[in-house]
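# Topology and contacts: notes
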Amino acid sequence: MMAQQPDIIVIGGGSAGAACASRLADAGQKVLLVEAGKSDKDLRSRIPALMANIVQTPDFDWCFQAEPDPSVGGRPDVWPAGKRLGGGSAINGMMFIRGHKWDYDHWAKLGATGWDYESCLPYFRRMEDNERGADHWRGTGGPIAVSEIRSKYQITEEWVKAVEEAGFPRSQDLNGEKAEGVDFIQLSQRSGLRWSAARGYLEKASPNLEILLETQVERIEVENGRVTGVSVRQNGEARTITSRYGVVLSAGALNTPRLLMLSGIGPAEELKKHGISTVLDLPGVGENLQEHPATHLVNSVNSRTLNDDAKGLAGIKQVMKMALKRSGALTTGIGHAQAFIRSREGLEAPNIQLAFSAFAFDITDKGNLALRSESSVSTLVGLMRPSSRGRVTLRSGNPETAPKISHMLLGNEDDVMQLVEGLQIARKIMGQPAISGDVTAEVRPNEELESREALSHYVRAATIPMYHPVGTAKMGAKSDPMAVVDADLKLHGIEGLWVADASVMPTLPAGNTNATAIMIGDKGSDHVLKAITEKASAMAA
Ligand SMILES: Cc1cc2nc3c(=O)[nH]c(=O)nc-3n(C[C@H](O)[C@H](O)[C@H](O)COP(=O)(O)OP(=O)(O)OC[C@H]3O[C@@H](n4cnc5c(N)ncnc54)[C@H](O)[C@@H]3O)c2cc1C
């Protein structure tokens, strides 16, 4: 345990927390990072294809389950959340994508002043070590390795051509100037191994940083409107740790509102229900929950896919390929190529993400995913700007109890229609000359479902969350009663408390959310540092 009192405590060593803690320590602050999970130094996290074995495993994942969702037939979906150093980045699908410029400019319009794309760009650049090199949009030499896919299949190249044949542009870099069109996926990997935020930011962190693992924060302590420290539980023992300037909360979009409410910060009615005394009545805590809904098109094909490489002797070859060349099927993330497209006229930015994988799963009777035994491919159709909003509340005042997640993934009829349009486009792509000769059948939804109505039934039955929850402690001006933090990430109404993680995003970006969460942690450190420096000068004066 740190001999001196830390200047600042960061709660949660996930994608954003790792970045924030490390940058603050580099800037000379004594930082204590408190993480509930274990270290991410574990082969199951490092070897990309083993992702399927760690999601829904309590040793890696908080394994939350949402309430039954009436918009998807009453199904109670699983909502995974990383529980390791690195958080989501230690268990996720490794797709590295920033989202569209439009999203950040939209945040700024909603009240997140200083979070327009131009202002976020320097942080996106400084975070990365991009295999494609640096230019005005991309960075090299940063802590997060960004690499090309190393599990290559001819059919992926054909899909990229087919997207162009279907009338969509080829983007040279979806993280670059043009975040629209089709390109191969980039991954948070180095030499074929996962590159989590913990690996990037924490392994070579400054000695100013101390990390407490397997320690859960149960409460943020507030006295006279100012944060004094945190109460933690480690190996069953409870204690309080104080800090000089306060706390940065980076527990992720599901745990951040939970911890705020457990600390008496949130909607007063909700706190009262669980016998928690109100420290600050802040109605936006836990509200504004957003998630990308996604459905799949699955085709069987007559060319080689990862489904073939997972079997028998071929599987052994892939193990050798990984061991000797750090390439092949075991380096695979969740997708191989992707496209951001507009499914209809009149949109200001792409509304649909198509992610193509040269493999496909079946869903077993028990609801688990199992790799299909025959050669198959799948196209994920994700809706990037869903209208539906949910909420995170408490089940009880006990810090051991999982939060209550109430969401209607398809609570808006137009969201369903946009997914139907996306599915129709995904189908059209599979019918293009570059790829149609490979396709032997449509497995899901299946060719017979043609009308929009029939497809909308399929969408309702087969849409799942993309595991990108955001928005539950949204950033916004004080005049917005539902805003939880200001544009400096400082919590409205309490001194010495900042939130830096996916929960501050006012809306979802068009893309998987890890790079954006890291950017928030990295940029957030500058906001926190500025406030601490001002406080220190005021104390010295
Ligand atoms: C299965 C899965 C697949 C995904 N695939 C992709 C993908 O391919 N590409 C992509 O861009 N995004 C992906 N995402 C999303 C992305 O990983 C998340 O958006 C991102 O990690 C969120 O970062 P965060 O910092 O907000 O929270 P997290 O990374 O979740 O970090 C929160 C941390 O806080 C810790 N914590 C929580 N409560 C406490 C407490 N009380 N005390 C101490 N510690 C606590 C947690 O253990 C965790 O380490 C995926 C997510 C999941 C779960």
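Since we're looking at a predicted model, the values are computed, not measured. (Residues numbered from 1 in each chain as written. Predicted model: local features only at pLDDT ≥ 70, side-chain atom pairs only at ≥ 80, totals over all residues. Heavy atoms only, no water.)

### Regarding the site of the ligand
Counted only if it meets this: If even one non-hydrogen atom of a residue comes within 4 Å of a molecule or strand, that residue is called near it. Here a polar contact is taken to be a pair of N or O atoms separated by no more than 3.5 Å, where protein atoms must pair a possible hydrogen donor with a possible acceptor and residues adjacent in sequence count only if both atoms sit in side chains. Shrake-Rupley sampling with a 1.4 Å probe provides the accessible areas, and residues are treated as covered by the protein chains on show and by no other component. Only DSSP runs of H or I reaching four residues or more are called helices, and only runs of E reaching two or more are called strands; each is numbered from the N terminus.
In the vicinity of the ligand, 38 residues are found, and the nearest of them are Ser15, Glu35, Gly88, Thr513 and Asn514. A distance of 3.1 Å separates a nitrogen atom of the ligand from a polar atom in the backbone of Ala36. Note that an oxygen atom of the ligand is positioned 3.1 Å from one of the backbone N or O atoms of Arg84. In isolation the ligand has 1000 Å² of accessible area, and contact with the protein removes 95% of it. Counting only elements with at least two residues in the shell around the ligand, the list comes to α1 (15-26), β12 (215-223), α8 (252-262) and α15 (514-540). When residues in the shell around the ligand are grouped by element, the largest group, three residues, is from β12.

### Quick look at the nonpolar core
Quick reminder of the rule: To form a nonpolar core, buried Ala, Val, Leu, Ile, Met, Phe, Trp, Tyr and Cys residues must be joined to one another through side-chain atoms within 4.5 Å. Any residue under 20% of the maximum accessible area for its type is buried, any over 50% is exposed, and the rest in between are partly exposed; the area is computed with a 1.4 Å probe on protein chains only. Contact definition: two residues touch when any of their heavy atoms are within 4.5 Å.
Counting 83 residues, the largest nonpolar core has Trp115, Leu491 and Met519 as the members making the most contacts within it. When residues of this core are assigned to their parent elements, the largest contribution, seven residues, is made by α15. Excluding residues within four positions of it along the chain, Leu491 makes contact with Leu260, Ile265, Leu280, Leu282, Val484, Val485, Leu497, Trp498 and Val499. Counting 40 residues, the second largest nonpolar core, distinct from the first, contains Ile155, Leu423, Leu455 and Val459.

### Comments concerning the packing of aromatic side chains
Within a pair of aromatic rings, the relevant descriptors are the distance that separates the centres and the angle that separates the planes. Threshold: In this analysis, rings of Phe, Tyr and Trp, with Trp reduced to its six-membered ring, are considered paired at centre separations within 6.5 Å, and the interplanar angle assigns stacked below 30 degrees, edge-to-face beyond 60, and tilted for intermediate values.
Counting across every chain of the model gives seven aromatic pairs. With a centroid separation of 5.8 Å and 40° between ring planes, the pair formed by Tyr104 and Tyr117 is classed as tilted. Residue Tyr104 is located in helix α4 (residues 101-110), and its partner Tyr117 is located in helix α5 (residues 117-127); the two are separated by 13 residues in the primary sequence. Neither residue differs from the other here; Tyr104 and Tyr117 are each classed as buried. Considering the side-chain rings of Trp159 and Phe356, the 5.1 Å spacing of their centres and the 15° angle between planes classify their relative orientation as stacked. Within this pair, whereas Trp159 is found in helix α6 (residues 154-165), its partner Phe356 is found in strand β20 (residues 352-357), the two being separated by 197 residues in sequence. Both residues of the pair, Trp159 and Phe356, count as buried.

### Here's the deal with the UniProt feature "binding site: FAD" (unreviewed entry) in the chain
Worth spelling out the cut-off: UniProt positions are given in the numbering used here, feature names are shortened, and annotations may be inferred rather than shown by experiment.
Annotation from UniProt places "binding site: FAD" (unreviewed entry) at Val217. Mapping Val217 onto the fold places it in strand β12. In this view, Val217 contacts Ile11, Val34, Val230, Ser231, Val232 and Leu259; residues no more than four positions away in its chain are not counted.

### Things to note about the domain arrangement of the chain
Rules: Residue ranges assigned to the domains are those given by an automatic or database domain assignment. Buried area, as used here, totals the accessible surface that two parts lose on assembly, with accessibility defined by a 1.4 Å probe and the loss added over both. Here a salt bridge means any side-chain nitrogen of Lys or Arg lying within 4 Å of a carboxyl oxygen belonging to Asp or Glu. Three classes are used, and their members are as follows: Ala, Val, Leu, Ile, Met, Phe, Trp, Tyr, Cys and Pro are nonpolar, Asp, Glu, Lys and Arg are charged, and the others, Gly among them, are polar.
Domains assigned within the chain are domain 1 (1-113 + 197-290 + 389-407 + 469-541) and domain 2 (150-184 + 293-383 + 411-462). Summarising the inter-unit geometry, the C-alpha centres of domain 1 and domain 2 are found 32 Å apart. The partner domain 2 presents 21 residues to the 19 residues of domain 1 that form the contact. A per-residue breakdown of the area domain 1 buries against domain 2 is headed by Met95, Ile97 and His100, which together make up 29% of the total. Here domain 1 and domain 2 share zero salt bridges between them. Linking domain 1 to domain 2 there are eight residue pairs in polar contact (both at pLDDT 80 or more). Taken together, the residues of the side of domain 1 that touches domain 2 sort by class into 11 nonpolar, six polar and two charged.

### Some details on unusual backbone geometry
Residue Pro445 follows Arg444 across a cis peptide bond; omega there is 0°. Here Pro445 shows up in the loop between β26 (439-444) and α14 (452-462). If you check the backbone angles, Cys63 has positive phi at about 55° while not being a glycine. Summarising the element assignment, Cys63 is placed in the loop between α3 (51-54) and β3 (64-65). Overall, the relative accessible area of 27% leaves Cys63 in the partly exposed class. Even without being glycine, Tyr467 reaches a positive phi, approximately 70°.

### Quick word on the environment of Gly133
Looking at the element boundaries, Gly133 is found in the loop between β5 (128-130) and β6 (144-148). In this structure the C-alpha to C-alpha distance between Gly133 and Gly390, which are 257 residues apart in sequence, comes to 39 Å. Once you skip the residues sitting within four places of it in the chain, Gly133 turns out to touch Arg138, Gly139 and Thr140.

### Here we look at the state of the cysteines
What makes a disulfide is a covalent bond joining the sulfur atoms belonging to two cysteines. To keep it simple, the criterion reads: For the purposes of this analysis, a disulfide is any pair of cysteine sulfur atoms at a distance within 2.5 Å.
Summed over all chains, the structure comprises zero disulfides. Lacking any disulfide linkage, Cys120 is separated from the closest cysteine sulfur, that of Cys20, by 15 Å.

### Re the UniProt feature "domain: Glucose-methanol-choline oxidoreductase N-terminal" (unreviewed entry) in the chain
With numbering matched to this structure, UniProt assigns "domain: Glucose-methanol-choline oxidoreductase N-terminal" (unreviewed entry) to residues 82-105 and 252-266. Taken end to end, residues 82-105 has its terminal C-alpha atoms 29 Å apart, with 21% of it in helix and 0% in strand. Secondary structure over residues 252-266 splits into 73% helix and 13% strand, and the C-alpha atoms at its two ends are 16 Å apart.

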